[in-house]
Amino acid sequence: MGNPCDTQMKLVAGAAGYVLEDVPHLTDYLPDLPSYPNPLQDNPAYSVVKQYFVNEDDTVTQKIVVHKDSPRGVHFRRAGPRQRVFFESDEVHACIVTCGGLCPGLNTVIREIVCGLYHMYGVRKILGIDGGYRGFYAKNTVTLTPKFVNDIHKRGGTILGTSRGGHDTSKIVDSVQDRGINQVYIIGGDGTQRGAAVIFEEIRRRGLKVAVAGIPKTIDNDIPVIDKSFGFDTAVEEAQRAINAAHVEAGSIENGIGLVKLMGRYSAEGAGQDLLSESLQSMDQQDASGNKLLQDVGLWISHRIKEHFAKKKMPINLKYIDPTYMIRAIPSIASDNVYCTLLAHSAVHGAMAGYTGFTVGPVNGRHAYIPFNRIIEKQNKVVITDRMWARLLSSTNQPSFLNPRDISEVKKEKQPATGLLDGENCRDRKSVTEDDPCIS
Ligand SMILES: Nc1ncnc2c1ncn2[C@@H]1O[C@H](COP(=O)(O)OP(=O)(O)OP(=O)(O)O)[C@@H](O)[C@H]1O
Ligand SMILES: O=P(O)(O)OC[C@H]1O[C@](O)(CO)[C@@H](O)[C@@H]1O
Ligand SMILES: [Mg+2]
């Protein structure tokens, strides 16, 4: 695995503290590339609208809550179709790959990339890579057409298959080069986006006319900068079924207790790892991608609750429900499908316009192109000292659970003047596996 941090940030300063964190463009290293009028201007759906192209200068602000004298802060390039494109339709040979764990909506994104390329830009050559990154060099490919993908959004999982580990940058880029692929769409979580960043670096080093676009996926909702990752709403919706069942069970019997364990690496299931006995599983075990394997906090809590009441000689009825994989292996709900479509189209518009090395996603409600480095440097966490957490505790009648150590840690941290400064709920990736009072 390579170092994804080689990319120089493209920073553009403007008036009143305005900063554009721009994404790379193919012309950064291939300055003589020709451009062409965007074929969308002849598309009946778009041609009736006057402002169908995004203005080159449009950017999206990261900081939405400001004070009178605040600097304007960081901005990202607005996503959407551009007046000029850097690929001719019959020149494009696109490929799509899905990596990491499953997530509702993967098939919708695949479908919408295929249909977007096909119908908006007249692209006919689209390849699906089988089984994640290693599929570039170890597996078969599948030809993707609108007909082939027509119904796939109604199914869970990914029709392309997925995997962890197996990221060999040189082999992947060799395969891209050998097959004549010039647009690579990479759908996956934080690890996948790190893999995409090194692929982009290698492509740029080789001077290839290949656009690399990342589409962030994770039910964990831990990818920074963007408002929300696709599949999260579907997962929450499904999780409710388990929570409701636990609630009904608990309420229907004397001394009933309902316990539900939800998935989400550092946003749910990773809670209390420091409290769990090492005998359950070695603390150092990792999956094929290098992610720490988490111990089962649900079972642990279940045992501890039972022990506690046994000591008090109080009979209880505890029902433990673990819907882990059920919340991610289902088809996406309608709102996620709409979101997936927007993501896919934004990625297609960006690649056609010659942007590369970017991840697409909504920032304060507007879709933007975000440089890979910005997406991979931090990881969102649940903050147990913010107002959202306070609302949760208050609406569920829970105590704060903060112990004196946590409170003094929080007090030691520099408190921001406003509640919404850059990266407030983010942390460096390296700290996520350490004991952290903010993992809940
Ligand atoms: N630093 C890295 N450099 C190159 N490739 C990486 C890196 N980190 C992860 N990858 C590759 O990205 C792919 C997916 O990574 P991972 O299994 O961590 O899932 P993810 O994308 O984070 O999704 P999720 O955790 O939400 O399921 C794997 O093939 C892995 O080898
Ligand atoms: O068991 P698997 O497939 O490795 O995936 C488990 C992990 O994948 C996710 O579903 C997605 O990141 C996490 O919530 C979970 O920790
Ligand atoms: Mg991950």
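The structure presented is a predicted model; accordingly, all values stated were derived computationally and were not measured.

**Topic: the site of ligand 1**
Thought 1: Around ligand 1, 24 residues are found, and the nearest of them are Gly-100, Gly-101, Gly-189, Gly-191 and Gly-195.
Thought 2: The greatest single-element share of the shell around ligand 1, amounting to six residues, is contributed by helix α7 (residues 190-205).
Thought 3: In the shell around ligand 1, the residues fall into five nonpolar, 15 polar and four charged.

**Description of the pairing of strand β11 (residues 211-216)**
Thought 1: The element β11 is extensively covered by neighbouring structure, given that six of its six residues are classed as buried.
Thought 2: By the alternation rule, side chains of β11 split into Ala-211, Ala-213 and Ile-215 and Val-212, Gly-214 and Pro-216, which are all buried.
Thought 3: Relative to β11, strand β10 (residues 183-188) runs parallel, the two being bridged by six bridges. If you follow Tyr-185 over to β11, its bridge partner there is Ala-213.

**Some details on unusual backbone geometry**
Thought 1: Residue Val-225 is not a glycine yet carries a positive backbone phi of 70°.
Thought 2: For Val-225, the position within the fold is in the loop between β11 and α8 (232-251).
Thought 3: Judged by the 24 C-beta atoms lying within 10 Å of it, Val-225 falls in the buried class.
Thought 4: Of note in this structure, Asn-364 is not a glycine but carries a positive phi near 55°.
Thought 5: Here Asn-364 is to be found in the loop between β14 (358-363) and β15 (366-371).
Thought 6: Since 15 C-beta atoms lie within 10 Å of it, Asn-364 is described here as partly exposed.

**Some remarks on the site of ligand 2**
Thought 1: The immediate surroundings of ligand 2 are formed by Gly-101, Gly-189, Thr-218, Ile-219, Asp-220, Met-263, Gly-264, Arg-265, Glu-269, Asp-287 and Arg-328.
Thought 2: Its residues assigned to classes, the shell around ligand 2 comprises two nonpolar, four polar and five charged.
Thought 3: Built from parts of two domains, the shell around ligand 2 gets at least three residues from each of domain 1 (11-230 + 332-377) and domain 2 (232-280 + 292-329).

**Details of the packing of helix α3 (residues 106-121) against helix α11 (residues 334-352)**
Thought 1: Across the interface, α3 lies against α11 with an axial gap of 8 Å and an inter-helix angle of 45°. Here α3 lies oblique to α11, going by the angle between them. Here α3 and α11 pass one another in a crossing that is right-handed. Where α3 abuts α11, its residues Thr-108, Val-109, Glu-112, Ile-113, Gly-116, Leu-117, Met-120 and Tyr-121 lie against Asn-337, Cys-340, Thr-341, Leu-343, Ala-344, His-345, Ala-347, Val-348 and Met-352.
Thought 2: Residue composition of the contact of α3 with α11, by class: eleven nonpolar, five polar and one charged.

**Topic: the domain arrangement of the protein chain**
How big an interface is tends to be reported as the loss of accessible area on association of its parts.
Thought 1: Each assigned domain of the protein chain is listed here: domain 1 (11-230 + 332-377) and domain 2 (232-280 + 292-329).
Thought 2: Taking only C-alpha atoms, the centre of domain 1 and the centre of domain 2 are 37 Å apart.
Thought 3: Contacts between the two partners involve 17 residues from domain 1 and, on the opposite side, 13 residues from domain 2.

**A closer look at the environment of Gly-166**
Thought 1: Following the sequence through the fold, Gly-166 ends up in the loop between α5 (146-149) and α6 (169-179).
Thought 2: A count of 20 C-beta atoms within 10 Å places Gly-166 in the buried class.
Thought 3: Discounting residues that sit within four places of it in the chain, Gly-166 has contacts with Gly-132, Tyr-133 and Arg-134.

About the thresholds
Residues numbered from 1 in each chain as written. Chains lettered and ligands numbered in written order. Predicted model: local features only at pLDDT ≥ 70, side-chain atom pairs only at ≥ 80, totals over all residues. Near = placed C-beta within 6 Å. Helix = DSSP H or I, 4+ residues; strand = E, 2+ residues; numbered from the N terminus. Nonpolar A, V, L, I, M, F, W, Y, C, P; charged D, E, K, R; others polar. Buried ≥ 20, exposed ≤ 12 C-beta atoms within 10 Å, placed from the backbone. Pairing = 2+ DSSP bridges. Domains from an automatic or database assignment. Axes fitted to C-alpha atoms, helices over the stretch in contact; angles between N-to-C directions. Parallel < 35°, antiparallel > 145°, perpendicular 65-115°, else oblique. Left-handed = near helix turned anticlockwise from the far one by under 90°. Contact = placed C-beta atoms within 7 Å.

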